[in-house]
Amino acid sequence: MQLLKVETNGTAKLFLLGSALWFVLGTLEGLVCATHMVAPDLLGGISWLVFGRIRPMHTTTMIFGFVGSALLGCACYIMQEVLRTPLWSERLGKVSLWVWNLSIALGLITLDLGYSQGREYAEWIWPADIGILLAFALIFVNCLQTAINRREKIMYVSSWYIFAALIYTWLIYFFGNAVWNPATGAIFGMPDAILAWFYGHGIVGLFLTPLAVAIAYFVVPRVARAPLHSHTLSLIGFWTILIIYTHIGTHHLLQTPVPTWLKVLAVTGSIAMIIPVMTVLGNLWLTMRGRLGFFHQDIGGRFVMAGLLWYILTCLQGPIQALPVVQKVTHLNNWVIAHSHMGVFGFAGTIALGGLYYILPRITGKPIYSIRLADVQYWLLLLGMSGFFAVLTAGGLVQGNSWLNGETVYRTVPMVHVYFIVRAAVGLLFVGGALIGAYNIVRTVRGDQAPAEERMRLQVYGETP
Amino acid sequence: MRMNPSVLVLGGLLIFAPVLFMHVILPWLTVGGEPPSEIHRARTTIEDEGRSVYVNNGCTFCHTQFIRNFDWGVGAQRVAHSGDYIAEQPHLLGTERTGPDLSQEGGEHPDDWHAAHFRNPRFVRPESIMPSWNFFSGAEMIALVAYMQSLGYKMADDRTARQKYWKDEAVAAFESGPQKNVEWLHGHVPEPWTKLPNPYMSSRPGLLRGHRIYQTQCIGCHGPIGDGMGPAQPFLYPPPLNFTLLKDRGITGGILYYQIMNGITGTAMPYFKKDLESEKIWDVGNYVAVTFIGRTDAHAEPRGIDASNEPVENAK
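Thresholds applied
- Residues numbered from 1 in each chain as written.
- Chains lettered and ligands numbered in written order.
- Predicted model: local features only at pLDDT ≥ 70, side-chain atom pairs only at ≥ 80, totals over all residues.
- Helix = DSSP H or I, 4+ residues; strand = E, 2+ residues; numbered from the N terminus.
- Buried ≥ 20, exposed ≤ 12 C-beta atoms within 10 Å, placed from the backbone.
- Contact = placed C-beta atoms within 7 Å.
- Rg over C-alpha atoms; globule rule 2.2 N^0.38 Å.
- Nonpolar A, V, L, I, M, F, W, Y, C, P; charged D, E, K, R; others polar.
- Expected span 1.5 Å × (residues − 1).
- Axes fitted to C-alpha atoms, helices over the stretch in contact; angles between N-to-C directions.
- Parallel < 35°, antiparallel > 145°, perpendicular 65-115°, else oblique.
- Domains from an automatic or database assignment.
- Left-handed = near helix turned anticlockwise from the far one by under 90°.
- pLDDT = per-residue confidence, 0-100.
- Core = buried A, V, L, I, M, F, W, Y, C linked by C-beta atoms within 7 Å.

Bringing the overall build of chain A into the picture now. Scanning chain A from N- to C-terminus turns up 17 helices and zero strands. Overall size of chain A, expressed as C-alpha extent along the three principal axes, is 70 × 50 × 45 Å. Within chain A, the proportion of its 465 residues that are buried is 59%. For chain A, the proportion of contacts with a sequence separation of at least 24, taken over those separated by at least 6, is 84%.

Here you go:
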């Protein structure tokens, strides 16, 4: 069967290709949302374009479709590389790939038709949840068998994070979506809110983060042409992220009536996140010290580098905004939206793209279709993310302080109008970046070469295509 | 430490299990058994149907359903208790307040206001950025409004009962003709206010401010020429007041102020005490008086010592 064709690294390649296409859809959905907030009557009265339905489609397309697919594709490749063993079953890999993508499509289409379970990032209906769980289980089995049959005795740190992500995401997804309760995917009352944010933060922290860190641990030493700085730091960073990140979901609920002891745990855990984050970043920084030139030359390395910088910012902002006194101003407004975009897109998404650009040529055996286009995409996304962060943080502060001073929400809506306009404009950079990326990646997968770059390569290196 | 698959899998589970117990199961066991709060009641079937319309269409992405102890806006009379949420599945606390909190929305407005608002929110709230929901079927709309009116449970029931009582009064007054209607409206403004003229001078800048407030708050119902024929009018009964009827019927600045501040419960006229501060209410009231009624009592006697920013001509 063509769809399940067995080819070396075929699973990884198609995950990466899928990611590039989901990225286009995800940014277009974001643009629809941003347009609604500027001109609500422009798309007025069209049920399948209404903000309330597109917004969860946007978040889940980005988390699972774009970032998730790229991370899983990279993980499949990295696993084989670091264990020096081919993927246990490429056919099983292809099955998991189709289950994954069809589940995403099912979740999105049903959301658009008006079937939602309502909890953030857990909106998909039960059949889609089951599909996602099945896909994770299949990928886990595949990776586990690969590890058991490995030729390299020492398991490199990237593979630890991949295992952690697969195990934890499955568990968090299973419990978080309350899959034993298919009708609502939820439990009752405040415990449901606590469970939903155990899931909501876990999906960022224990699905996207470990896989992105796995890519960074893989790409950074290779691009820097240097061994990883410290095994001990790797161990500390790895175990502490599992211990700490699982504790912090309730920091989304500090202003709601959840038990105080739980809030204390969440705030404490959020501050303690500095430990795993700084351990990992320190380890990678010391690995690449004095070798930044290599990262400028390698487009994949450059994306990973940018992602790590967003990681620092996200994870310094995170503990600060987990403090109750800060949340008095920042909670419930666009400040948090700026933060979530920086985490999911700036950090995990940019590293995912870095992994993609680093790995894809190694799968196809040919250079990327066009380094120049990848470069344009890099700058569009970097500018887009910076602008987005600045404008939403500013708008959020306006909202938060106005509310504290007693302004009603209706009065603050026109106050942030101008920020919403800039946000929609900046969104165009994301859409442009996604479109350019998709074109570049599709051409790369087909094995094409941009003619000008091919000529240049011939002149400089004397390579034959 | 030498890593291998069993260390990773077993170590991962060893960490996950206690965390799951501490962060999910323990709160579930302790909070889950809490009794309902004193305002809680079960939802009716139609309210539940409306809630699923709310869930399926992502209303929760812009509207929270919990009030914090430092909130001022709509619903701020009731800070959230965990006992309010025992029947919530899924929870709808929300994480963004692009629109107002809805935990005490029930009875804030009568049903006809909601009908106009869901059709196009700008019909009643000109600066709203909420989408239009005119693609809902009639049944979905009715269920959603029923759910809106249930938000706040017993507190909402008290408010909706008040809305219904005064709706009947207001309809009867409207149907008894303009003179009787205006008498009824003025009859429910406390006496000190009915005799109170607008204490501030009518000025060009003040009228411009009033004009702007009128356009952002009032125009959807009362219309651009104050005849009560704004885009929301077809949905509302009793219909929005035609201001031109008020001339020579005992209108004062005080009555205008009181009714803008307090609203007219039972009709679609909401209170503006939370949206507008004092000077803004006087300004928009004077704008209505000058522009639509054609007569203003701004700065008429009796009045006290002039505020220090008032122009000195004709001053005390």
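Before going further, it helps to spend a moment on the overall build of chain B. Per the secondary structure count, chain B includes ten helices and zero strands. Mapped from its N terminus to its C terminus, chain B presents α and β elements in the order α-α-α-α-α-α-α-α-α-α. Taking 20 Å as the expected radius of gyration for a compact globule of 316 residues, we find that chain B reaches 25 Å, considerably beyond that expectation. Overall size of chain B, expressed as C-alpha extent along the three principal axes, is 90 × 45 × 35 Å. Here chain B, with 316 residues, has 46% of them falling under the buried criterion. In chain B, of all internal contacts separated by at least 6 residues, the share reaching a separation of at least 24 is 75%.

What follows covers the environment of B:Arg295. Residues and elements named next belong to chain B. Here arginine 295 lies in the segment after α10 (278–293). Among the residues examined, arginine 295 registers 10 C-beta atoms within 10 Å and is labelled exposed. Through-space distance from the C-alpha of arginine 295 to that of aspartate 248 is 8.8 Å; in sequence the pair is 47 residues apart. In contact with arginine 295, other than residues within four places in its own chain, are Lys247 and Ala289.

Listed per partner, the contact involves 70 residues of chain A and 60 residues of chain B. Elements represented by at least two residues in the side of chain A that touches chain B include exactly α1 (10–38), α2 (51–83), α4 (126–148), α5 (157–176), α6 (189–224), α7 (231–245) and α15 (409–415) of chain A. With nine residues, the single largest contributor to the side of chain A that touches chain B is α6(A). Looking at the side of chain A that touches chain B, its residues break down into 41 nonpolar, 21 polar and eight charged.

All names here are of chain A. In a regular helix each residue adds 1.5 Å, so 15 residues correspond to 21 Å; helix α9 (residues 274–288) covers 21 Å between its end C-alpha atoms and thus fits that length. Packing partners of the buried residues in α9 comprise α6, α7, α10 (292–297) and α11 (299–321). One or two residues past the end of α9 sits glycine 290, with phi positive at roughly 75°.

What follows covers the packing of α11(A) against helix α14 (residues 371–404) of chain A. All names here are of chain A. Put simply, α11 and α14 touch, their axes get as near as 10 Å, and they point 10° apart. Taken together, α11 and α14 sit at an angle that is classed as roughly parallel. Judged by residue contacts, Ile299, Arg302, Phe303 and Ala306 of α11 engage Ile371, Ala374, Asp375, Tyr378 and Leu382 from α14. Classifying every residue of the contact of α11 with α14 gives seven nonpolar, no polar and two charged.

Next up on the list: the domain arrangement of chain B. All names here are of chain B. Taken domain by domain, chain B holds domain 1 (45–159) and domain 2 (177–293). Here the C-alpha centroids of domain 1 and domain 2 sit 27 Å apart. On the side of domain 2, 15 residues touch domain 1, which itself brings 15 residues to the contact.

The relative placement of two packed helices is expressed as an angle between their axes plus a distance between the axes. Residue and element names in this part refer to chain A. Between α6 and α11, the shortest axis-to-axis distance is 10 Å and the interhelical angle comes to 130°. Judged on the interaxial angle alone, α11 and α6 are oblique. Once α6 is placed against α11, the crossing between them reads as left-handed. Residues Ala212, Ile215, Ala216, Val219, Val220 and Val223 of α6 pack against Gly300, Gly301, Val304, Gly307 and Leu308 of α11. Its residues assigned to classes, the contact of α6 with α11 shows eight nonpolar, three polar and no charged.

All names here are of chain B. Tracing the backbone shows leucine 256 in helix α9 (residues 253–262). Judged by C-beta crowding, with 27 C-beta atoms within 10 Å, leucine 256 ranks as buried. Along the chain, leucine 256 and glutamate 88 lie 168 residues apart, while their C-alpha atoms are 41 Å from each other. Ignoring any residue separated from it by four or fewer positions in sequence, one finds leucine 256 in contact with Ile251, Gly285, Val288 and Ala289.

Here we come to the confidence of the model for chain B. Per-chain confidence: chain B averages 94 in pLDDT, with 99% of residues scoring 70 or above. For this predicted complex, the interface score ipTM comes out at 0.94, while the overall pTM is 0.95.

Counting 176 residues, the largest nonpolar core has A:Tyr161, A:Ile162, A:Leu211, A:Ala212, A:Ile215 and A:Ala216 as its most contacted members. No other element matches α6(A), which puts 25 residues into this core. Setting aside chain neighbours within four positions, we find A:Tyr161 in contact with A:Pro210, A:Leu211, A:Val213, A:Ala214, A:Tyr217 and A:Phe238. Ranked by size, the runner-up nonpolar core spans 34 residues in total, among them B:Leu246, B:Leu256, B:Ile260 and B:Met269.

Moving on, we come to the environment of A:Met190. By the element assignment, A:Met190 lies in helix α6. Here A:Met190 falls in the buried class, since 30 other C-beta atoms lie within 10 Å of it. Residues A:Met190 and A:Thr256 lie 66 residues apart in sequence; the distance between their C-alpha atoms is 8.8 Å. With residues near it in sequence (within four places) discarded, A:Met190 still touches A:Pro257, A:Val258, B:Val31, B:Ser82 and B:Tyr85.

Looking now at unusual backbone geometry. Omega for the bond connecting B:Gln89 with B:Pro90 falls within 30 degrees of zero, at -5°, which places this linkage in the cis form. Tracing the backbone through its elements, the reader meets B:Pro90 in the loop between α2 (45–56) and α3 (111–119). Going from B:Tyr237 to B:Pro238, the amide bond is cis rather than trans, its omega being 0°. Along the chain, the position of B:Pro238 falls in the loop between α8 (204–222) and α9. In the Ramachandran plot, A:Asn9 falls in the positive-phi region, its phi being about 60° despite a non-glycine side chain. Relative to the elements of secondary structure, A:Asn9 occurs in the segment before α1.

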